[in-house]
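Tertiary structure, described
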Amino acid sequence: MQRISAILVVITTLGCVAAHLRAADPPKQRKGQDTAGLGGRTGQWPVDLKPDSPQAQQRVQRFGRIEREVELGGWAYRAERNPQPADSVPWRLHARPIGENERAWRPASSWALVERTTAIPVIRVPPVLWDKWVDPTMRDVVGIHFHELTTRDLARVLITVHEVSTSADRSDDAWANRSVVPRRATRLEATLMTPVTFRLEQSIAILADPKDEATAKDREDHERGHGAKSLEAMLTVLAGPQTWSPQRSTGRRSTLAWYWKSEKLGRRWEAFREGQGELLTLRTSIALVPPTRWSKLLPKPPEALEAEDIRTFNEELVHLDAAFVVADRQIQEAFHAEHGAYEDRRRK
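In this report, we go over the structure that sits alongside the text. (Residues numbered from 1 in each chain as written. Predicted model: local features only at pLDDT ≥ 70, side-chain atom pairs only at ≥ 80, totals over all residues. Heavy atoms only, no water.)

Details of the overall build of the chain
What the chain contains, in helices and strands, is eight helices and 15 strands. The buried share of the chain, taken over its 348 residues, is 46%. Sequence separation of 24 or more characterises 76% of the internal contacts of the chain that already satisfy a separation of 6 or more. Of the roughly 18,500 Å² that the chain leaves accessible, carbon and sulfur atoms contribute 51%. (Helix = DSSP H or I, 4+ residues; strand = E, 2+ residues; numbered from the N terminus. Buried < 20%, exposed > 50% of the residue type's maximum accessible area, 1.4 Å probe, protein only. Contact = heavy atoms within 4.5 Å. Areas by Shrake-Rupley, 256 points an atom, 1.4 Å probe, with all protein chains shown as cover.)

Written out as structure tokens, the structure reads:
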């Protein structure tokens, strides 16, 4: 069996990634900043898997297939052999919520976009207060969808390095015309080891004349449409690009497993009442869990891989605030192109 090199990356999703490898045991972190409930700190640690070592084989012979689950920090974990390891990894890890977590987190199968969109709180602001409460740059609009992707969670990601052989697909004319075809390439597999949570917070404010219910409802529906698009953008960004191309030895792909929950809370928005007044806000939390995995192809052999390649891949997976802004802007512009922009409808 081919030896697979690996790095365990533990990072705060909106924090900094350590630039060098460390071997110390991570200390406990403050409660409430780690969905997995295990504690720790940011860093990178090399992992020597050696799946073909005599010690590993002895463990397999001794324990065989481990049927039982391991319970840690409100989650139950189990591992299984991957029936198709050639283009992935030899094993798969699964995690599910238990105890209090099981009552809090709902499976992805129960996700309903319309239900989530309807739950976004709306405040109706009368004309006499609109110019006083909203930012001067936004006084000409008639509705605002406040939203932000936030997280301070720990993400534990095991990145493994695999060598792959490539050959050009001659049916692809654009690729066939290239003079150089890479014969050896690298496949990076980023395996999520423990649950990690991302949160989208949303609130809506509309200009509403109490004497014109029809217009107010129209404006509310429009802003809820923006809210739905931001929820879609969140899931798109968590999955990452789906640009896998073995012919070019480039691209990304992923498989997500997740749970979700929501709650309402008060929070301040800078563009509303100068950040002094709280708006009722919907926080939608999505916890990615094993067997979530992201894959990336690079047109270079493993021996040519650099530390920057690993760091870049890691950043692409969990530092998602900037990526969300871009994806959200694109999907909102498409929404305006289809339905029109209320920002263009000046008040009389």
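Some remarks on the pattern of salt bridges
In the structure shown here, the tally under the stated rule is 24 salt bridges. Measuring nitrogen to oxygen at the nearest pair gives 3.7 Å for the salt bridge that ties Glu232 to Lys229. On the criterion of helical spacing, the pair formed by Glu232 and Lys229 is a turn pair, its members being three residues apart in helix H6 (residues 213–239). For Glu232, a relative accessible area of 29% gives the class partly exposed. Among the residues examined, Lys229 registers a relative accessible area of 23% and is labelled partly exposed. Arg311 is the partner of Glu308 in a salt bridge, and the nearest nitrogen-oxygen pair spans 2.6 Å. Taken as a pair, Glu308 and Arg311 lie in helix H7 (residues 307–318) at a separation of three residues, close to a single helical turn. Here Glu308 falls in the partly exposed class, since its relative accessible area comes to 40%. Overall, Arg311 belongs to the partly exposed group, its relative accessible area being 33%. One network of salt bridges, in which partners are shared, links Glu148, Glu201, Glu263, Arg267 and Arg283. (Salt bridge = Lys/Arg side-chain N within 4 Å of Asp/Glu carboxyl O.)

Section: the layout of surface pockets
By volume, the second largest pocket is sized at about 520 Å³. What lines the second largest pocket is a set of 21 residues, among which His145, Phe146, His147, Asp328 and Gln332 lie closest to the centre. The set of elements that each furnish at least two residues to the lining of the second largest pocket consists of strand E8 (143–150), H6 and helix H8 (321–339). Classifying every residue of the lining of the second largest pocket by side-chain character gives eight nonpolar, six polar and seven charged. (1 Å grid on protein atoms, 1.4 Å probe; cavity = no way out; pocket = protein on both sides within 12 Å on 5 of 7 lines; lining within 4 Å. Points joined across faces, edges and corners; volume = space filled by probe spheres on them. Nonpolar A, V, L, I, M, F, W, Y, C, P; charged D, E, K, R; others polar.)

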